[in-house]
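Here is how the chains run, residue by residue.
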Amino acid sequence: MADERDSLTLRLLRDLRAGQDAMRETLSELVVRFGRVETGLAHVRVELSEVHTVLAEHSVKFDRFGDRLDRIEKRLGLIVA
């Protein structure tokens with residue numbers, strides 16, 4: 001009877017250890033995948049930063065075009081200053 005209990009206990013402990021090993025492997029895999037996600041986000045941040053810079057440059061150019069258009073309209077007498 002004691003041998004049966006010992007055998008059952010050992011089986012349960014082996015099952016627990018196998019479950020822990022599986023969880024360790026899954027956690028390790030998730031850490032690697034999360035690292036890849038972080039790397040991808042860093043690249044996205046850089047690209048967004050570049051987009052913001054280009055948009056700011058275009059905004060300045062459009063403002064200058066607006067000023068130039070106003071001067072042209074005034075010279076041609078299309079608007080009253």
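For clarity, every value in this text was computed on a predicted model and none was experimentally measured.

What counts and how
- Sequence order as written defines residue numbering, which begins from 1 separately in each chain.
- For this predicted model, a pLDDT threshold of at least 70 governs which residues receive local features, and a threshold of 80 or more governs which side-chain atom pairs are given and counted, while totals over whole chains, interfaces and linings are taken from all residues.
- Values reported for side chains reflect all heavy atoms of the structure, with hydrogen atoms and water molecules removed beforehand.
- Here a strand is any run of E in DSSP of at least two residues, a helix any run of H or I of at least four, and the numbering for each starts at the N terminus.
- Radius of gyration here is computed from C-alpha atoms only, and the compact-globule reference equals 2.2 Å multiplied by the residue count raised to the power 0.38.
- Throughout this description, buried means an accessible area under 20% of the type-specific maximum (1.4 Å probe, protein chains only), exposed means over 50%, and partly exposed covers the range between.
- Per-residue and other accessible areas follow the Shrake-Rupley method at a 1.4 Å probe size, with only the shown protein chains counted as cover for residues.
- One side-chain nitrogen of Lys or Arg within 4 Å of one carboxyl oxygen of Asp or Glu is enough to make a salt bridge.
- One less than the number of residues in a helix, times 1.5 Å, gives the span that helix is expected to have.
- What goes into a patch is any residue over 30% in relative accessible area without a salt bridge, connected to like charges within 9 Å or, for nonpolar side chains (Val, Leu, Ile, Met, Phe, Trp, Tyr), within 5 Å.
- Only four residue types enter the tally: Lys and Arg on the positive side, Asp and Glu on the negative side, with His and both chain ends excluded.
- Here the site of a charge means NZ on Lys, CZ on Arg, CG on Asp, or CD on Glu.

**Digging into the overall build of the chain**
The number of helices and strands found in the chain is one helix and zero strands. For 81 residues, the compact-globule estimate of 2.2 N^0.38 gives 12 Å, and the chain exceeds it by more than 25% at 34 Å. Its C-alpha atoms put the chain at 110 × 20 × 10 Å along the principal axes. The buried share among the 81 residues of the chain stands at 0%. Accessible surface for the chain amounts to roughly 7,900 Å². Of this, 60% is attributable to carbon and sulfur atoms.

**Some points on the pattern of salt bridges**
If you walk through the whole model with that rule in mind, you get one salt bridge. The closest approach of N and O atoms between Asp21 and Arg24, which form a salt bridge, is 3.1 Å. Within this pair, Asp21 and its partner Arg24 are both found in helix α1 (residues 2–76), separated by three residues, close to a single helical turn. With relative accessibility at 40%, the residue Asp21 sits in the partly exposed group.

**Examining α1**
If you check α1, its first and last C-alpha atoms are 108 Å apart, about what 75 residues at 1.5 Å a residue would give, namely 111 Å. Gly77 occupies a position one or two residues after α1 and carries a positive phi of about 75°.

**Regarding a positive patch on the surface**
A cluster of like positive charges, contributed by Lys61, Arg64, Arg68, Arg71 and Arg75, occupies part of the molecular surface. Relative to the elements of secondary structure, Lys61 occurs in helix α1. For Lys61, a relative accessible area of 43% gives the class partly exposed.

**A look at the environment of Arg36**
Mapped onto the elements of the fold, Arg36 is located in helix α1. Considering only alpha carbons, one finds Arg36 and Gly19, 17 residues apart in sequence, at a separation of 26 Å.

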